[in-house]
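Here's the letter readout for the chains.
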Amino acid sequence: MTSPITLYDTTLRDGAQREGLSLTVDDKLKVASWLDTLGVHYIEGGWPGSNPKDIEFFRRVGELDLQHSKISCFGSTRRAGGSADSDPVVRELVESGAPTACIVAKASELQVTEALGTTLEENLAMIADTVSYLVSQGIEVFLDAEHFFDGYRANTSYALEALKAAATAGAAQVVLCDTNGGTMPHEVGAIVDRVRAVLPESVIGVHFHNDTGNAVANTLIAVEHGVTHVQGTANGIGERCGNANLLTVIANLALKMGLPVLDAKHLERLTDVHFAIAEICNITPDPHQPYVGSAAFATKAGLHTSGLAKMEGAYEHIDPARVGNARRLLVSELSGRSTVVLKGKEIGIDLENSPDIAAAILNEVKNLEHVGYHFEAADASLELLMRRHAGFDREFFHLESFRVIVEKRADGAVVSEATVKVLARGERHVATGEGNGPVNALDAALRGALLKFYPALEPIELVDYKVRILEEKSGTGAVTRVLIESQDGHREWSTIGVSPNIIEASWAALVDSYTFGLIHSSEEGE
Ligand SMILES: [Zn+2]
């Protein structure tokens, strides 16, 4: 299948500009693999002229044996007054071995005279020389026209001259960059139309930043106006407010605009790619991210649930399976038995013909919510509760005891240590763990105790931990509610624990998290 649109991912270069993000070479290679499984056409690996890490990336990326994606390197035009073939930055691009190079060039008069400090003519010569030199080296060249939209507003003819210089010198595609991210959707169409009229033979691309929250919208409008190359980053990561979220762009192009940018099989990997790349970047996945977030197809009980019961998909804009996501029903004390039956269906428990079990589940949910549980925010704990009622009684491990100590040392350091004694698969195991807090330590100890029995726990990690003190209820004293979010690179789940004691509440949420993870990893064949 030939895609009508070229998908160009710049997570590893522009995305890596995000505040607080630092990727190792191994991380970058993993991200590249995931992008390749998704099937994006180009992966921009980095800027080989800027740091040794990126040079190493290009040296090692061949090991990956990519099936779908081409690797591109990023760089700038030659220096003012120099020549392209002797410019060290340009040389690095050739030496990277990447078949494609994306060259950033100034397209704004102000940027040329003020930031670059050279003449408008010299800037055009820098573009032309660099492009034609790289083309002469057998490299496919894309031109990223930096500050294009701002430059276009200030001096339209110069911004267009910069594009023409690149196209004439042999650039395969010219990319209009909204570097400062200030462009609004209503401006995009006319600017793209003008560029296409001036360069009717060229492939035009766009690169939007999200400073006005419009990066995806701007990208789609540009495509509507004939742009056939789109740049963005996985999960929209990037400097300031981020870049156009390429995952959202892909889903919109494919499912809303009818452009076959990826085939159906690849499109179904979108959700996995979202989780995996968030994990590698050590960024908590946004549950509310369009299409791929864990809440993207979650419906709260009540009015919507009865609608769902009557007609599947009644409150969904697409079938979530098309992007590899799934429907989720949020059950809470508000809901009735029909919600419980529907939720059962979602997790594979038939409660339609077992009204007694459904009633018992509902009853327990109500009782627990009365003492402080909140299942809407913890559907993995809810699933375990429902499975128990339906007869599931596998106990992966049994707690004999745990102990946690917190030590504050003379040097000011506070460390926690936990010891966990468990029985699993007929064996008793004792493990200790350390952490910066008691829950961390408990998690480390429990994991240490169980990994030997259940290697499937390896990829599971806790990504978020929330504690809330609930007000006193009927003289029982304040209780603590702990919510834990976990993930294994494929899915994300939430569990809950409630107790007057924060450690006990955490323990309950932790046990549910691992139990849920084990049930699902064994379903998928350990
Ligand atoms: Zn950018």
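Placed above this text is the structure.
Throughout what follows, the structure given in this document is the object of discussion. Nothing here was measured: the structure is a model prediction, and the numbers come from that model.

**Remarks on the packing of helix α14 (residues 337–347) against helix α16 (residues 379–389)**
Logical step 1: The interhelical angle for the contact between α14 and α16, taken along N-to-C directions, is 95°, at an axis separation of 11 Å. Classified by the angle between their axes, α14 and α16 sit roughly perpendicular to one another. On α16, the residues touching Val 340, Lys 343, Gly 344 and Ile 347 of α14 are Asp 379, Leu 382, Glu 383, Met 386 and Arg 387.
Logical step 2: Split by residue class, the contact of α14 with α16 holds four nonpolar, one polar and four charged.

**Side note on the sheet that holds strand β13 (residues 427–435)**
Logical step 1: If you walk across this open sheet you meet the three strands as β11-β12-β13, and the pairing is antiparallel. This sheet does not close on itself; its edge strands, each paired only once, are β11 (398–408) and β13. Across the sheet, the mean angle from the axis of one strand to that of its neighbour is 10°, orientation sign disregarded.
Logical step 2: With ten bridges joining them, β11 and strand β12 (residues 414–424) adopt antiparallel strand pairing. Within β12, the position partnered with Ile 405 by the bridge is Glu 417.
Logical step 3: In this fold helix α17 (residues 438–450) packs onto β11, β12 and β13, with an angle of close to 145° to the strand it touches most, β13.

**As for the coordination of the zinc ion**
Logical step 1: The protein atoms that coordinate the zinc ion are Asp 14 (OD), His 207 (NE2) and His 209 (NE2), at distances of 1.9 to 2.2 Å.
Logical step 2: For Asp 14, a relative accessible area of 5% puts it in the buried group.

**A closer look at the sheet that holds strand β16 (residues 492–499)**
Strand-to-strand pairing in sheets goes through backbone hydrogen bonds, with the strands running parallel or antiparallel.
Logical step 1: Strand order in the open sheet made by the three strands is β14-β15-β16, with antiparallel pairing throughout. Two strands close off the open sheet at either side, each with one partner strand: β14 (461–470) and β16. For this sheet the average axis-to-axis angle between neighbouring strands, irrespective of direction, equals 15°.
Logical step 2: When β14 meets strand β15 (residues 479–487), the two strands line up antiparallel, connected through nine bridges. Paired with Leu 462 across the two strands is Ser 486, which belongs to β15.

**Quick word on a nonpolar patch on the surface**
Logical step 1: Judged by side-chain polarity, Tyr 465, Val 467, Ile 469 and Ile 502 come together as a nonpolar surface patch covering roughly 330 Å² of accessible area.
Logical step 2: Relative to the assigned elements, Ile 469 resides in strand β14.
Logical step 3: Judged by relative accessible area, Ile 469 falls into the exposed class, the value being 57%.

**Some details on helix α1 (residues 25–38)**
Side chains that are three or four residues apart share a direction in an α-helix, a result of its 3.6 residues per turn.
Logical step 1: Look at α1: 20 Å from first C-alpha to last across 14 residues, which is about the 20 Å you get at 1.5 Å a residue.
Logical step 2: If you check which residues of α1 are buried, you get Val 25, Asp 27, Lys 28, Leu 29, Val 31, Ala 32, Leu 35, Asp 36 and Leu 38.
Logical step 3: Packed against the buried residues of α1 are β1 (6–9), β2 (42–46), α2 (52–60), α10 (246–256), α11 (264–267) and α12 (270–280).
Logical step 4: Downstream of α1 by a residue or two, Gly 39 has a phi angle that is positive, lying close to 100°.

**Focus on the pattern of salt bridges**
Logical step 1: In this structure the tally under the stated criterion is 27 salt bridges.
Logical step 2: In this structure, the salt-bridge partner of Lys 265 is Glu 268, at a minimum N-O distance of 3.3 Å.
Logical step 3: We classify Lys 265 as exposed; its relative accessible area is 56%.
Logical step 4: Linking Asp 464 and Lys 466 is a salt bridge whose minimum nitrogen-to-oxygen distance equals 3.3 Å.
Logical step 5: Judged by relative accessible area, Asp 464 falls into the partly exposed class, the value being 27%.
Logical step 6: One network of salt bridges, with partners in common, ties together Arg 13, Asp 14, Glu 44 and Asp 144.

Calculation notes
- Residues numbered from 1 in each chain as written.
- Predicted model: local features only at pLDDT ≥ 70, side-chain atom pairs only at ≥ 80, totals over all residues.
- Heavy atoms only, no water.
- Axes fitted to C-alpha atoms, helices over the stretch in contact; angles between N-to-C directions.
- Helix = DSSP H or I, 4+ residues; strand = E, 2+ residues; numbered from the N terminus.
- Parallel < 35°, antiparallel > 145°, perpendicular 65-115°, else oblique.
- Contact = heavy atoms within 4.5 Å.
- Nonpolar A, V, L, I, M, F, W, Y, C, P; charged D, E, K, R; others polar.
- Pairing = 2+ DSSP bridges.
- Donors = N, O, S within 2.8 Å, 3.2 Å for Na, K, Ca; no water.
- Buried < 20%, exposed > 50% of the residue type's maximum accessible area, 1.4 Å probe, protein only.
- Patch = residues over 30% accessible without salt bridge, like charges linked within 9 Å, V, L, I, M, F, W, Y side chains within 5 Å.
- Areas by Shrake-Rupley, 256 points an atom, 1.4 Å probe, with all protein chains shown as cover.
- Salt bridge = Lys/Arg side-chain N within 4 Å of Asp/Glu carboxyl O.
- Expected span 1.5 Å × (residues − 1).

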